[in-house]
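# Topology and contacts: notes
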Amino acid sequence: MLGPDRGGQRKLPMRIKICGITTPDDAIMAAEAGADAIGLNFVGGPRRIDIPQAEAILSRLPPFVVPVALVRLTGPATPELNEQLAELLATRWVSHVQVYGDVTPDAVARLAWEGYRPIVPIPVRDAGFARERPAILDKATAVLLDAHDPNALGGTGRTFTWSWVADARERRELADWPPIILAGGLTPENVARAIAETRPYGIDVSSGVEDGPGRKS
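The paragraphs below set out a description of the structure included in this document. All of these numbers come straight from a predicted model, not from anything done at the bench.

### A word on the pattern of salt bridges
One pass over the full model with this rule turns up nine salt bridges. A salt bridge links lysine 216 to glutamate 210, with the shortest nitrogen-to-oxygen separation between them at 2.7 Å. Residue classification places glutamate 210 among the buried positions, given a relative accessible area of 15%.

### Side note on the environment of tyrosine 201
Residue position: tyrosine 201 is located in the loop between α6 (191–198) and β9 (202–205). By relative accessible area, tyrosine 201 is classed as partly exposed at 30%. The spacing of tyrosine 201 and isoleucine 181 is 20 residues in sequence and 5.7 Å in space, taken between C-alpha atoms.

### A short note on the pairing of strand β1 (residues 15–18)
Judged from the four bridges that link them, β1 and β9 form a sheet pairing that is parallel. Bridged to arginine 15 within β9 is glycine 202. Where β1 and strand β2 (residues 37–41) come together, two bridges link them in parallel fashion. Of the residues in β2, the one forming a bridge with isoleucine 18 is isoleucine 38.

### Topic: the environment of leucine 58
Of note, leucine 58 is situated in helix α2 (residues 51–60). A C-alpha to C-alpha distance of 9.6 Å links leucine 58 and leucine 40, two positions 18 residues apart in sequence.

### Re the packing of aromatic side chains
Evaluated as defined, the whole model comprises one aromatic pair. Aromatic side chains phenylalanine 129 and tryptophan 177 sit 6.0 Å apart centroid to centroid with 90° between the ring planes, which places their arrangement in the edge-to-face category. With phenylalanine 129 in the loop between β6 (117–124) and β7 (142–147) and tryptophan 177 in the loop between α5 (163–170) and β8 (180–182), this pair connects stretches of sequence that are 48 residues apart. Taking the relative accessible area as the measure of exposure, phenylalanine 129 reaches 11% and is therefore buried.

### What about the side chain of asparagine 190?
For asparagine 190, the position within the fold is in the loop between β8 and α6. When its relative accessible area of 14% is taken as the criterion, asparagine 190 is described as buried. If we skip the residues at most four places from it in the chain, asparagine 190 touches Thr159, Trp162 and Gly185.

So, how was this worked out
- Counting from 1, residues in each chain are numbered in the order their sequence is written.
- For a predicted model such as this one, the threshold for reporting local features is a pLDDT of at least 70, and the threshold for listing and counting side-chain atom pairs is 80 or more; totals across whole chains, interfaces and linings nevertheless cover every residue.
- The side-chain numbers reported here are obtained from all heavy atoms of the structure, hydrogens and water having been left aside.
- Salt bridge, as used here, is a side-chain nitrogen of Lys or Arg placed within 4 Å of a carboxyl oxygen of Asp or Glu.
- Under the scheme applied here, a residue whose accessible area is under 20% of the maximum for its type counts as buried, over 50% as exposed, and between as partly exposed, the area being computed with a 1.4 Å probe on protein chains only.
- For helices the rule is a DSSP run of H or I covering at least 4 residues; for strands it is a run of E covering at least 2, with both sets numbered from the N terminus onward.
- DSSP calls a pair of strands paired once it identifies at least 2 bridges connecting them.
- Pairing of aromatic side chains requires ring centres within 6.5 Å, counting the rings of Phe and Tyr and the six-membered ring of Trp. Pairs whose planes differ by under 30 degrees are stacked, by over 60 edge-to-face, and all others tilted.
- In this description, contact between two residues means that some pair of their heavy atoms is separated by no more than 4.5 Å.

Written as structure tokens, this is what we have:
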């Protein structure tokens, strides 16, 4: 699977993240299927895992597959990391963090300064989502575009209108954004069209590859 043609240069491989991994077997299955990254949810919902589960997954994760920790930020600049989770991130070299909660420019900058690589989710509400570039993207490693849902942070299986991304790109509103990761209701049936329309750096899939919440297929 190939990504967008950037400035006339050769096309780059599409990066794939399988989020909401809850067992070592699912992590191995995702890696064997070609995933570049997996998501470990410490925030909430049916795919949330605890420290022992994360340690079991990370202990069996194959080389060159990047673990991404979904964490909640609290206060102006610090993630809500209990002592065990902070130790897990440090000892297992989990440097990529997908952040929720009190996501402010200062908090993202602080995480970047501490050596983390913050991924900032942006809920896409309408066609004007990119008219004003959010300041929280200044120190972000990547931005994750997901369907807006007032009752959930993600993993809802809902899509948004992909042409909004194409139109924003055409207007050059995304020119100074970090690499874009597309999420929201992606499945084996629609992912090729989603990539063709939005031309993202990577995709983030969760419910679209499950038999049930947290049970990957």
